[in-house]
Amino acid sequence: MHDLDHIVKDIAAEMAERPDRGTVATYIPELANVDAGQFGIAIVDNDGRVFTGGDADTPFSIQSISKVFTLTLALGMAGDRLWRRVGREPSGSPFNSVVQLEFEKGIPRNPFINAGAIAVTDLILSGHQPREALGEILRFVRFLADDPSIAIDEKVAASEQRTGFRNAALANYMKSFGVIENPVDLALGVYFHQCAIAMSCRQLATAARFLAHNGRNPKTGLSVVNAERARRINAIMLTCGHYDGSGEFAYRVGLPGKSGVGGGILAIAPGRASIAVWSPGLDQNGNSHLGRIALEALTKRLGWSIFGA
Ligand code: GLN
């Protein structure tokens, strides 16, 4: 039996001391104001016990981690039809790359790069008003985390809405191939707001419990998705969750993971635990610098890499 409480506190103390903290994202102006000195970690184990260290209860902008929740929701709505609009291969390109879309006729490589996530959000939006679609996403996240207090940071959403020209380019390009069904500005509006959901490490690790337990909430036993779907979402997290840093993350950490430019990383140790870390400074691929280092230290100490101890 590992002393998880001791280990997370140890890692948090170690991360608090490190001078190398990466660089906070500035292309969304509101994110540039976040203090890079913060670090949080939370683990939810098999029995629903929560272990936390550092700033585990400070809400941060989940950004691209929201793509795990929208993919889960959209698969529930459309099933395998979703894969007509978006692929499931690693991109080997930056998260906001334009060039790949042209080669591949407007079909994004996977649901975790920006283009793919915008296409998934567009699918959720179809047949609804943007407000309803957003309500659906937020309700789903609150339900998973068992926490009705989770909210959207409107300042972050407005900040990205003002400056998200790249995402507008991606969406317009996909629209020209008919991959986006709804008006581009509406699909983008929902996308920017889902990225601006604010959650703490504790809330995030709790919300993702079902992915570590064959699709079930380990506390209630209730199923969120079936085991096959949970396994497949984990597979896409492993291969695509860190963009062109996905190989390095698998090499160093060895768990399915999804990062966001807010500095969060959600990682799944199948059959064991759901883990969230947060440190706002990013590496050159836009993934949390200390978040990755902390997860590497954690999986090493626990022997939790899916590739073996
Ligand atoms: N909202 C961000 C964007 O679209 C999300 C990117 C990310 O977290 N990698 O640029």
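Structure: above.
Residues numbered from 1 in each chain as written. Predicted model: local features only at pLDDT ≥ 70, side-chain atom pairs only at ≥ 80, totals over all residues. Heavy atoms only, no water.

A closer look at the overall build of the chain
In plain terms, the rule: What counts as a helix is a DSSP run of H or I of at least four residues, what counts as a strand is a run of E of at least two, and both are numbered from the N terminus. Only C-alpha atoms enter the radius of gyration, while the globule expectation follows 2.2 Å times N to the 0.38, with N the number of residues. Relative accessibility decides the category of a residue: with a 1.4 Å probe and only protein chains considered, values under 20% of the type maximum give buried, values over 50% give exposed, and everything between is partly exposed.
Looking only at helices and strands, one finds 13 helices and eight strands in the chain. Taking 19 Å as the expected radius of gyration for a compact globule of 309 residues, we find that the chain reaches 18 Å, a close match to that expectation. Seen through its C-alpha atoms, the chain measures out along the principal axes to roughly 55 × 40 × 35 Å. Relative to its full complement of 309 residues, the chain shows a buried share of 59%.

Considering the nonpolar core
Looking at soluble globular proteins, one finds that nonpolar side chains tend to be buried together. So the rule is basically this: Nine residue types can take part in a nonpolar core, namely buried Ala, Val, Leu, Ile, Met, Phe, Trp, Tyr and Cys, and a core is a set of them joined through side-chain atoms within 4.5 Å. Here a residue-residue contact requires only that any non-hydrogen atoms of the pair lie within 4.5 Å.
L82, I197, M199 and L204 are the most contacted members of the largest nonpolar core, which totals 79 residues. Ignoring anything within four residues of it in the chain, the contact list for L82 reads L71, A74, L75, V120 and L123. One finds I11, I43, L290 and L295 within the second-largest nonpolar core, a separate group that totals 26 residues.

Focus on the site of the ligand
Applicable threshold: Any residue with a non-hydrogen atom lying within 4 Å of a molecule or strand is treated as near it. Residues adjacent in sequence count toward polar contacts only when both atoms are side-chain atoms; beyond that, a polar contact is any pair of N or O atoms within 3.5 Å, and within protein one must be able to donate a hydrogen and the other to accept it. Methods summary: accessible areas were calculated by the Shrake-Rupley approach with a probe of 1.4 Å, and residue burial reflects only the protein chains presented. Residues are sorted three ways: Asp, Glu, Lys and Arg are charged, Ala, Val, Leu, Ile, Met, Phe, Trp, Tyr, Cys and Pro are nonpolar, and all the rest, Gly among them, are polar.
Around the ligand, the structure places Y27, Q63, S64, F95, N114, E160, N167, Y191, C195, Y243, G260 and V261. One nitrogen or oxygen atom from the side chain of Q63 is found 2.5 Å from a nitrogen atom belonging to the ligand. For the ligand, whose free accessible area comes to 300 Å², the fraction covered by protein is 99%. Of the residues belonging to the shell around the ligand, the class tally is six nonpolar, five polar and one charged.

Describing the packing of helix α6 (residues 154-163) against helix α8 (residues 184-195)
The condition that has to hold: The axes used here are C-alpha line fits, helices contributing only the stretch in contact, and every angle between their N-to-C directions lies in the interval 0 to 180 degrees. Should an angle fall under 35 degrees it is called roughly parallel, over 145 degrees roughly antiparallel, and 65 to 115 degrees roughly perpendicular, with every other angle called oblique. Note on convention: the crossing is left-handed when the near helix lies turned anticlockwise from the far helix by less than a right angle, right-handed when the turn is clockwise.
The contact between α6 and α8 brings their axes to 8 Å, and the two run at 135 degrees. Taken together, the axes of α6 and α8 lie oblique to each other. The crossing of α6 and α8 is right-handed. Residues E154, A157, E160 and Q161 of α6 form the contact with α8, whose participating residues are G189, Y191, F192, H193 and C195. Within the contact of α6 with α8, the residues separate by chemical class into four nonpolar, three polar and two charged.

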